[in-house]
Amino acid sequence: MGVFALTGGATGIGAALKGQLLAQGEEVISVDIREGDIVADLSTTEGRQAAVDGIRERAPEGLDGFIPCAGLPPVARPLSLIASVNYFAVVDTVAGLRDLIALKRGSVVIVSSNSAPMASAGDPFVQACLAGDEAAARAEVETRDGHTAYAGSKRAITMWMRRNVVDYAAAGVRLNAVAPGITMTPLAEQVFADAELGQAMKDFGEMTPWGGTAQPDQIASVIRFLLGPDAGFVCGAVYFVDGGTDAMLRNDDF
Ligand code: NAD
């Protein structure tokens with residue numbers, strides 16, 4: 001059986017994925033700020049290093065897959081935390097584990113969002129992320145709003161994934177992303193409860209062509225597919241799991 005590591009395994013999509021992988025007999029190393037095999041704050045460089053070191057120690061023979069799932073919602077404050085956790089922690093942990101994943105020709109599934117296309121590629125916050133300048137990205141995002149911080153962080157990490165597909169493939173690592181729509185997790189509950197964004201988010205959920213919102217297991221099962229042998233030639237894909245919302249909003253763009 002395989003060895004997988006993930007961040008954000010304490011609740012929501014990460015916890016559902018951990019449960020599914022364990023149920024199919026895989027070994028799972030879970031990193032989270034709350035609880036897990038490795039407790040680390042991924043908003044800091046020290047926490048990211050502790051996560052990478054802890055995973056290396058537990059999987060010296062390599063990883064079949066890595067899923068940097070930890071993320072913060074648009075209502076998280078300060079906004080700079082969203083930049084650090086949703087973008088920089090993902091890049092640093094994926095890069096820090098790259099050789100370990102390559103040992104097993106493993107794969108990475110980035111957890112994007114169907115909000116990613118709502119931020120423009122040229123947005124200064126997105127550009128500061130892609131330039132790898134965490135201080136500049138954190139400063140820029142503090143002048144913006146929660147939606148831009150969240151969608152921008154997901155836009156940037158998805159562009160980072162696509163830009164790195166060739167290089168990682170040459171090294172023996174398959175990169176893909178899943179882009180969920182609203183999924184009923186503690187993160188979504190925080191947004192629903194927010195005075196400013198809650199109603200807009202509920203209205204957005206009601207527009208879903210297939211109806212309703214996702215359950216964490218419906219996102220986790222697609223991540224599990226992308227990690228596994230049945231998706232062995234899927235490389236560089238952004239897989240929307242959002243009940244048709246992205247297709248509704250951007251039907252000619254894919
Ligand atoms: P969640 O809040 O249930 O889970 C997020 C996990 O990340 C938590 O266990 C939390 O403790 C952990 N985490 C947060 N900050 C951390 C830090 N600094 N260091 C380490 N761990 C930290 O949320 P979720 O909905 O399961 O989100 C999982 C991923 O899915 C996120 O990247 C999120 O952006 C993405 N996503 C969620 C939705 C949704 O509607 N729920 C939609 C699109 C994308």
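Residues numbered from 1 in each chain as written. Predicted model: local features only at pLDDT ≥ 70, side-chain atom pairs only at ≥ 80, totals over all residues. Heavy atoms only, no water.

Time to look at the site of the ligand. Neighbouring the ligand are 29 residues, the closest being T11, I13, D32, Y150 and T185. The contact in question runs from a nitrogen atom of the ligand to an N or O atom on the backbone of A40, over 3.4 Å. Within the backbone of L42, a nitrogen or oxygen atom sits 2.9 Å from a nitrogen atom of the ligand. Protein coverage of the free-state accessible area of the ligand, which is 820 Å², stands at 96%. (Near = heavy atom within 4 Å. Polar contact = N/O pair within 3.5 Å; in protein donor to acceptor, adjacent residues only side chain to side chain. Areas by Shrake-Rupley, 256 points an atom, 1.4 Å probe, with all protein chains shown as cover.)

Across the interface, helix α3 (residues 79–102) lies against helix α6 (residues 146–171) with an axial gap of 9 Å and an inter-helix angle of 15°. It follows from the interaxial angle that α3 and α6 lie roughly parallel. Seen from above, α3 lies across α6 with right-handed handedness. Facing α3, whose interface residues are L79, I82, N86, Y87, V90, V91, V94, A95, R98 and A102, α6 presents G146, A149, Y150, S153, K154, A156, I157, W160, D167, Y168 and A171. Grouping the amino acids of the contact of α3 with α6 by side-chain chemistry returns 15 nonpolar, three polar and three charged. (Axes fitted to C-alpha atoms, helices over the stretch in contact; angles between N-to-C directions. Helix = DSSP H or I, 4+ residues; strand = E, 2+ residues; numbered from the N terminus. Parallel < 35°, antiparallel > 145°, perpendicular 65-115°, else oblique. Left-handed = near helix turned anticlockwise from the far one by under 90°. Contact = heavy atoms within 4.5 Å. Nonpolar A, V, L, I, M, F, W, Y, C, P; charged D, E, K, R; others polar.)

Our focus in this paragraph is the packing of aromatic side chains. The relative placement of two aromatic rings is captured by the distance of their centres and the angle of their planes. Per the stated rule, a full pass over the model turns up three aromatic pairs. When the ring of F225 is compared with that of Y239, the centres are 6.3 Å apart and the planes differ by 70°; the resulting orientation is edge-to-face. Placement of the pair is F225 in helix α9 (residues 216–227) and Y239 in strand β7 (residues 238–241), with a sequence separation of 14 residues. Given the relative accessible area of 33%, F225 is considered partly exposed. For Y239, a relative accessible area of 36% translates into the label partly exposed. In this structure, R98 is placed above the aromatic ring of Y168, and the distance from its NZ or CZ to the ring centre is 4.5 Å. (Phe/Tyr/Trp six-rings, centres within 6.5 Å; stacked < 30°, edge-to-face > 60°. Buried < 20%, exposed > 50% of the residue type's maximum accessible area, 1.4 Å probe, protein only. Lys NZ or Arg CZ within 6 Å of the ring centre and 35° of its normal.)

Moving on: the pattern of salt bridges. Summed over the entire model, instances satisfying the criterion amount to eight salt bridges. We note a salt bridge from R98 to D167, for which the minimum N-O separation is 2.9 Å. Pair noted here: R98 is in helix α3 and D167 is in helix α6, with a separation of 69 residues, a long-range link. By relative accessible area, R98 is classed as partly exposed at 23%. Among the ionic contacts, a cluster of salt bridges with common partners joins R48, D92 and E134. (Salt bridge = Lys/Arg side-chain N within 4 Å of Asp/Glu carboxyl O.)

Attention now moves to the confidence of the model for the protein chain. Averaged over every residue, the pLDDT of the protein chain is 97; residues scoring 70 or more account for 100%. Ranking the elements of the protein chain by mean pLDDT puts helix α8 (residues 198–206) last, at 93, and strand β4 (residues 65–68) first, at 99. (pLDDT = per-residue confidence, 0-100.)

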